[in-house]
Amino acid sequence: NATESPIGCSFFALYDSNQRYQVQMQTAQVLFRYPIVGKIIFRQRFEQPWHDTTVIVEYLIHADGSNVNNTENHKWSIHTHQPDKDFYSWQNRCMSTGDVINTNKVSFDSKAPENTCSPDSSYLCRLGDLSRLGSLSIAGSIKNANKFTRKIFTDSNLPLSGFSNIMGKSVTIF
């Protein structure tokens, strides 16, 4: 019985940096400043794009006053270009970011991409369609941010280096 016979144990200690057994990690971050404030961190083994990428959503908050309530089920994706000043625009927000990255040329229904891409059918998703990992939540205020918006995902097809890397691209939340 697993509850009666332990097979090992250890203790928590500070993580020693610069030891030979450690794996170098590459870290990228996306900072949102308006109308959402927040941070998403991407981590992967250094120069090894075939390894899993860990995605940590630290917090996301509505900051423009348009919504004081928490909101859920936001789709999110990586786009080909960095945003220009149009993130301030109410009518054409984030149009400068271009199309969702599709380096593998996955066929999808452009009028309803959610019909082909979901966490259950991630193999049918464009590389940049992060809805395959799950949806995001955005807090209406800072006091709810940590509990409501913090999430962690793992993706086996999200390279931070190599030919199809996502560096220099943008993340758009819908």
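On to the nonpolar core. With 23 residues, the main nonpolar core has F42 and W76 as its most contacted residues. Of all the elements in the fold, those that place two or more residues in this core are β1 (25-32), β2 (36-45), β3 (53-62), β5 (76-79), β6 (136-138) and β8 (170-173). With sequence-adjacent residues up to four places away left out, F42 is seen in contact with Q26, T27, A28, V30, T53, T54, V55, L158, L160, I166 and V171.

Residue placement: N144 occurs in helix α1 (residues 142-149). Using a relative accessible area of 25% as the deciding quantity, one classes N144 as partly exposed. The spacing of N144 and I61 is 83 residues in sequence and 8.7 Å in space, taken between C-alpha atoms. The contacts of N144, once residues within four sequence positions are left out, are N70, A139 and T149.

Time to look at the pattern of salt bridges. Under the criterion given, the structure shown has three salt bridges. With its nearest N and O atoms 3.8 Å apart, the salt bridge here joins R126 to D129. Across the pair, exposure class does not vary: R126 and D129 are buried alike. Between D155 and R132 there is a salt bridge, with the nearest N and O atoms lying 2.6 Å from each other. Of this pair, D155 sits in strand β7 (residues 151-155) while R132 is found in the loop between β5 and β6, placing the two residues 23 residues apart along the sequence.

Right, let's talk about the side chain of H62 for a bit. Relative to the helices and strands, H62 is located in strand β3. We classify H62 as buried; its relative accessible area is 14%.

Calculation criteria
- Residues numbered from 1 in each chain as written.
- Predicted model: local features only at pLDDT ≥ 70, side-chain atom pairs only at ≥ 80, totals over all residues.
- Heavy atoms only, no water.
- Core = buried A, V, L, I, M, F, W, Y, C linked by side-chain atoms within 4.5 Å.
- Buried < 20%, exposed > 50% of the residue type's maximum accessible area, 1.4 Å probe, protein only.
- Helix = DSSP H or I, 4+ residues; strand = E, 2+ residues; numbered from the N terminus.
- Contact = heavy atoms within 4.5 Å.
- Salt bridge = Lys/Arg side-chain N within 4 Å of Asp/Glu carboxyl O.

Taken by themselves, the reported measurements are silent on function.
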